[in-house]
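# Examination of the molecular architecture
The lines below spell out each chain.
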There are 2 protein chains.
Amino acid sequence: MNTAVAVQSTPEIDFWFDFASNYSYLSVMRIESQAAMHHVRVRWQPFLLGPVLQSLGYDTSPFVAQKEKGEYVWKDMERQGRKYAVPWRKPSDFPRRALLPLRVATLGANEPWIGAFCREVMQLNFAQDREIDSPATVGEVLEHLGLPAQQIIADALTDANKLKLREQTERARAQRIFGAPTFFVGTEMFWGNDRLDDALAFAAGAP
Amino acid sequence: MNTAVAVQSTPEIDFWFDFASNYSYLSVMRIESQAAMHHVRVRWQPFLLGPVLQSLGYDTSPFVAQKEKGEYVWKDMERQGRKYAVPWRKPSDFPRRALLPLRVATLGANEPWIGAFCREVMQLNFAQDREIDSPATVGEVLEHLGLPAQQIIADALTDANKLKLREQTERARAQRIFGAPTFFVGTEMFWGNDRLDDALAFAAGAP
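Residues numbered from 1 in each chain as written. Chains lettered and ligands numbered in written order. Predicted model: local features only at pLDDT ≥ 70, side-chain atom pairs only at ≥ 80, totals over all residues. Heavy atoms only, no water.

### Looking at the packing of helix α5 (residues 99–107) of chain A against helix α9 (residues 159–174) of chain A
All names here are of chain A. Axis separation between α5 and α9 bottoms out at 9 Å; the angle between their running directions is 95°. It follows that α5 is roughly perpendicular to α9 by the angle criterion. Within the contact between the two elements, α5 uses Leu99, Leu102, Arg103, Thr106 and Leu107 and α9 uses Asn161, Lys162, Lys164 and Leu165. Here the residues of the contact of α5 with α9 sort into four nonpolar, two polar and three charged. (Axes fitted to C-alpha atoms, helices over the stretch in contact; angles between N-to-C directions. Helix = DSSP H or I, 4+ residues; strand = E, 2+ residues; numbered from the N terminus. Parallel < 35°, antiparallel > 145°, perpendicular 65-115°, else oblique. Contact = heavy atoms within 4.5 Å. Nonpolar A, V, L, I, M, F, W, Y, C, P; charged D, E, K, R; others polar.)

This is the structure we're talking about:
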């Protein structure tokens, strides 16, 4: 008789996002508190949505390319912001360049400050209508979190870390990601902030 | 002093759908029971999604044109079917021709049988993988509902009713509809089965 006890591992969710993506904003603001309630661990997977969309034939965000859908999306974001109590101001520049904060998120993906960093960057973009790609802005966010801003930015700008973000974006393509946010629980893909709760329930083993 | 009492009118939701659309299927199956719970009246607005998508630059469904998204959508439909307890089988022909049932729905949009008719047609397409565009199939559905099938099909095929569906599709374009299902509460647009509950809550006057 086998008396071995099965080891219960913590369920995990992979969270693929880009700071330029407005629906990623809603998930960035919500995921840590929602995941905690499901006892699920979040694995932060920053990537560059632009090159992925380009490989699918889009020159820019579908919300810019498709005028009717674009108009609707800003209306939807207003309502979704109210629904989730997430502050919202339509950015005057969309999609915003976000290479530097994505590099910092790549560097810090497994650090305890990753969630707080992402929430602050996202709020600059989608609640305060501020640019998010300069060392000054990213440095301000890191300092606000009590982190060594200059050192982190320097580490984020090494060739090794730049390559890591490019490889991460290749992984997104290989996993057939076509938008953001995208969640994976194992190989099960869930697309869009609208599926965050379903994905967490799935991760937690709900029927 | 003005003693007039405000007349409370029944809140209404306009429900734009096409029998070829898989996410419309979920809403067709759910909307009457959900709307009843919110005390909202449903106004059925059948239209031809194909010409609307064509005017936006799509030759076919985005779920066919965009391979990655298409693969995902069938997976998502499986899960959504389970979530809403709606039977689901991936159609072997997608998007299916649905001109005749859409003409019947145009004719019967304000009839008491419209909801039941739409649910039966949708289940043939998305639960039983059957064609839905022949007089035999549409007649079978109408007879099953105890309706004068031959007369209704003849009325649906008059020039006046054909024109009505074309005009309805023009209205969809004019209202900047870009997909299905789409809901309107007054001028407020909600896109996708994922927004049905929000749209009904909005119609019912929820904050």
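### Looking at helix α5 (residues 99–107) of chain B
The buried count for α5(B) comes to seven of nine residues, which makes it a mostly enclosed element. Looking at α5(B), one finds that the buried residues are B:Leu100, B:Pro101, B:Leu102, B:Arg103, B:Val104, B:Ala105 and B:Thr106. (Buried < 20%, exposed > 50% of the residue type's maximum accessible area, 1.4 Å probe, protein only.)

### Focus: the side chain of B:Asp133
Residues and elements named next belong to chain B. Position of Asp133 relative to the elements: it lies in the loop between α6 (114–126) and α7 (135–144). Polar side-chain contacts of Asp133 include one of 3.1 Å to the side chain of Arg97. Every residue in contact with Asp133, bar those within four places of it in the chain, is listed here: Arg97, Ala98, Leu99, Leu100 and Pro101. (Polar contact = N/O pair within 3.5 Å; in protein donor to acceptor, adjacent residues only side chain to side chain.)

### A few points about helix α6 (residues 114–126) of chain A
With 13 residues, α6(A) should reach 18 Å at 1.5 Å per residue; the first-to-last C-alpha distance of 18 Å fits that figure. Looking at the buried residues of α6(A), the elements they touch are β1 (12–17), α1 (22–37), β2 (41–46), α5 and α7 (135–144) of chain A. (Expected span 1.5 Å × (residues − 1).)

### Details of the sheet that holds strand β4 (residues 188–191) of chain B
Residues and elements named next belong to chain B. Strand order in this open sheet of four strands is β2-β1-β3-β4, and the pairing throughout is mixed. Every other strand in the sheet has two partners, leaving β2 (41–46) and β4 as the edge strands with one partner each. Across this sheet, the average inter-strand angle for adjacent strands is 25°, counted without regard to direction. Across six bridges, the pairing between strand β1 (residues 12–17) and β2 is parallel. Residue Glu12 lies in a different strand from β2, and its bridge partner there is Arg41. Here helix α1 (residues 22–37) sits on the sheet and contacts β1, β2 and β3 (182–185); the angle it forms with β1, its principal contact strand, is near 165°. (Pairing = 2+ DSSP bridges.)

### Overview of the pairing of β3(B)
All names here are of chain B. In β3, alternate side chains face the same way, and those of Thr182 and Phe184 on one face and Phe183 and Val185 on the other are all buried. Of the strand pairs in this sheet, β1 and β3 are connected by three bridges, and their pairing is antiparallel. Its bridge partner being in β3, Asp14 is matched across the sheet by Phe184. In terms of strand pairing, β3 meets β4 through four bridges, oriented antiparallel. Each bridged residue has a counterpart across the sheet, and for Phe183 the counterpart in β4 is Phe190. Counting the residues in the hairpin turn of β3 and β4 gives two residues, including Gly186, whose phi is positive at 60°.

### Digging into the relation of the copies chain B and chain A
For the pair chain B and chain A, the superposition axis carries a translation of 0.0 Å, the fit reaches an RMSD of 0.0 Å, and the rotation angle comes to 180°. Taken together, the rotation angle and the small translation identify this as a two-fold axis. Nearest to the rotation axis, the C-alpha of B:Asp194 is located 3.6 Å from it, this being the minimum over chain B. Both copies contact each other with a shared surface, as 100% of the interface residues of chain B are interface residues in chain A too. (Least-squares fit on C-alpha atoms with pLDDT ≥ 70 in both.)

### Here's the deal with the sheet that holds strand β3 (residues 182–185) of chain A
Residues and elements named next belong to chain A. Pairing is mixed in the open sheet, where four strands are placed in the order β2-β1-β3-β4. Looking along the sheet, the strands with just one partner apiece sit at the ends: β2 and β4 (188–191). Each neighbouring strand pair of the sheet contributes to a mean axis angle of 25°, computed without reference to strand direction.

### Considerations on the interface of chain B and chain A
Facing 22 residues of chain B, the contacting portion of chain A comprises 22 residues. Here chain B meets chain A over a buried area of about 2,400 Å², counting both sides, of which 44% is carbon and sulfur. Contact with chain A buries surface across chain B, with B:Tyr72, B:Arg176 and B:Arg195 losing the most and accounting together for 26% of the total. Counting across the interface, chain B meets chain A through 14 salt bridges. (Buried area = accessible area lost by both parts, 1.4 Å probe. Salt bridge = Lys/Arg side-chain N within 4 Å of Asp/Glu carboxyl O.)

### Focus: the environment of A:Gln54
Residue and element names in this part refer to chain A. Position of Gln54 relative to the elements: it lies in helix α2 (residues 49–55). Residue classification places Gln54 among the exposed residues on the basis of a relative accessible area of 52%. Distance from Gln54 to Tyr23, taken between C-alpha atoms, is 19 Å for residues 31 residues apart in sequence.

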